[in-house]
Structures are given as structure tokens and as C-alpha cells.
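Each chain is listed here by its residues.
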Amino acid sequence: GENVEQHPSTLSVQEGDSAVIKCTYSDSASNYFPWYKQELGKRPQLIIDIRSNVGEKKDQRIAVTLNKTAKHFSLHITETQPEDSAVYFCAASRYNQGGKLIFGQGTELSVKP
Amino acid sequence: NAGVTQTPKFQVLKTGQSMTLQCAQDMNHNSMYWYRQDPGMGLRLIYYSASEGTTDKGEVPNGYNVSRLNKREFSLRLESAAPSQTSVYFCASSESSGGTTGELFFGEGSRLTVL
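Only a predicted model underlies this, so the values are computations on that prediction, with no experimental measurement involved.

The rules behind these values
- Residues numbered from 1 in each chain as written.
- Chains lettered and ligands numbered in written order.
- Predicted model: local features only at pLDDT ≥ 70, side-chain atom pairs only at ≥ 80, totals over all residues.
- Heavy atoms only, no water.
- Buried < 20%, exposed > 50% of the residue type's maximum accessible area, 1.4 Å probe, protein only.
- Helix = DSSP H or I, 4+ residues; strand = E, 2+ residues; numbered from the N terminus.
- Pairing = 2+ DSSP bridges.
- Axes fitted to C-alpha atoms, helices over the stretch in contact; angles between N-to-C directions.
- Phe/Tyr/Trp six-rings, centres within 6.5 Å; stacked < 30°, edge-to-face > 60°.

1. What about the pairing of strand S4 (residues 31-38) of chain B?
Residue and element names in this part refer to chain B.
- Burial within S4 is extensive, with eight of its eight residues counted as buried.
- Side-chain alternation along S4 places Ser 31, Tyr 33, Tyr 35 and Gln 37 on one buried face and Met 32, Trp 34, Arg 36 and Asp 38 on a second face that is also buried.
- Taken together, the seven bridges between S4 and strand S9 (residues 87-94) define a ladder with antiparallel strand orientation. When the bridges of S9 are listed, Trp 34 appears paired with Cys 91.
- Relative to strand S5 (residues 42-49), S4 runs antiparallel, the two being bridged by seven bridges. Bridged to Arg 36 within S5 is Arg 44.
- Between S4 and S5, which pair antiparallel one after the other, the connecting turn spans three residues, and Gly 40 there sits at a positive phi close to 75°.

Take a look at the structure:
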């Protein structure tokens, strides 16, 4: 089955710097790659996703890139702000598995003012 | 519009006791999921249901059973709780069906402690 590895497990940046979180997946048939943000004590919420027919997607300060050949995808956050501090999870799923979504281990991002 | 509602929010059990976590969604979603969250291990899929009447094992199904009671409700049962099942449990639902995966909407979580 699918296995998703996420790095780093913790990341600390200064406010205004960029942050990059990387994930690799094992199932070459996976075609959907979302990123979720979980603030302390809250539920995870989708922040951005990408499907395998595109290589990059942006939404204001966040972007996701996908390299299908290498089976890895990354989350990029620019101009980080203290409210970006949270745990971020990547995930992957494949077509025709009823939405079965496998998550990475999570990255705790800390943005220092 | 409540979204995904799960109960109870907190529960303490003794080893060997049984309990059921309830989950209901009001978004008319086809797919529903149960995940557990443990420090450093992310969200691990226990069971999921792609549609009413179907359930499938996820990554860590041992020690759990599920029931998709109808399109709205998906319950998770621990028949004989063990300390290793101490965790935060999240129910989720999505519009995913058949071919494509959609956004997961999570409940608030249920914190379970097994002594």
C-alpha cells in the first residue's frame, strides 16, 4: 500500500522567511496530493492540494510542487507569519480507491516574531 | 450546518472495556473515515467507507470494528480496549466517490485514554 514520508519533523523560521516541507510517496499510481494544517488543539483543515496533471499550484503565500518522476511533492510558504505556526500534514491517494487518503507524519512549523 | 460531529469528546476506559465512537455528517458526503493521531506518527487511517454499505481496512485496523449505519453515520468500536489504543480519534467525511478524492472535513476529535 501507499507510504508517505514527510520531512522535516520540526521546522523553525524567522518571521518573513520562507519554509519548505517535503514529502515522498511510494505508490506511483497516486494522483492526488493535499496539504492539511492543524493548529494546536484544532482539527486538520485543507490548505492546498494538487492533482497529478499539474506540476505546481499557488494560492497567495503558499505553493505546492509535484515531481511525479521522483515521487515527491513539497509545500512552500513565503513571507511566513506567526499565525502560520502549526502542524502541517501531506497526504496522497490514488484514483478509484474511494478517497482513501494516507498521511505523512507531520511537520511542526514554528514562526518566530 | 454542523459539518462532522463526533461523540464523545473525551473518554477514559479500563483495559478490556468496550466502547463505540459515534460520527455523523450533514454534508451528504459519500465517503467517511476514521483516523487516529499519535505524537510523531501523523494521522493513521483505521477504516474508511467509500459509500453507504461498504467499509475497508486502512493502515491500522487491528482491534477496531466499524459500521456504516447509513449515509450520515459511521461508528468506530473498540471491543476490548488496550493501552496502545490511547489516542486522539478523528472522524472525517468527503465528497470522494469512485474515481476522485475530495477535501476531507474533520470532526473535532475524540480523546481516548485506556488505563
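Moving on from the model shown.
2. So, the sheet that holds strand S6 (residues 56-59) of chain A
Residue and element names in this part refer to chain A.
- One open sheet holds the five strands; their spatial order is S1-S3-S8-S7-S6, and the pairing between them is antiparallel. Single-partner strands in this sheet number two, and they are strand S1 (4-7) and S6. Strand after strand, the sheet turns through a mean of 15° between neighbouring axes, direction not considered.
- When S1 meets strand S3 (residues 19-25), the two strands line up antiparallel, connected through four bridges. When the bridges of S3 are listed, His 7 appears paired with Lys 22.

3. Some remarks on the packing of aromatic side chains
- By the definition in use, this model includes 14 aromatic pairs over all chains.
- Each ring, one from A:Phe103 and one from B:Tyr35, has its centre 5.2 Å from the other, and the planes form 85°; the classification is edge-to-face. Pair noted here: A:Phe103 is in strand S10 (residues 102-103) and B:Tyr35 is in strand S4, and the two residues belong to different chains. Of the two residues, A:Phe103 and B:Tyr35, neither departs from the other in class, the shared state being buried.
- Each member of the aromatic cluster is reached from another via a ring pair, and the members are A:Tyr36, A:Phe89, A:Phe103, B:Tyr33, B:Tyr35, B:Tyr48, B:Phe90 and B:Phe106.

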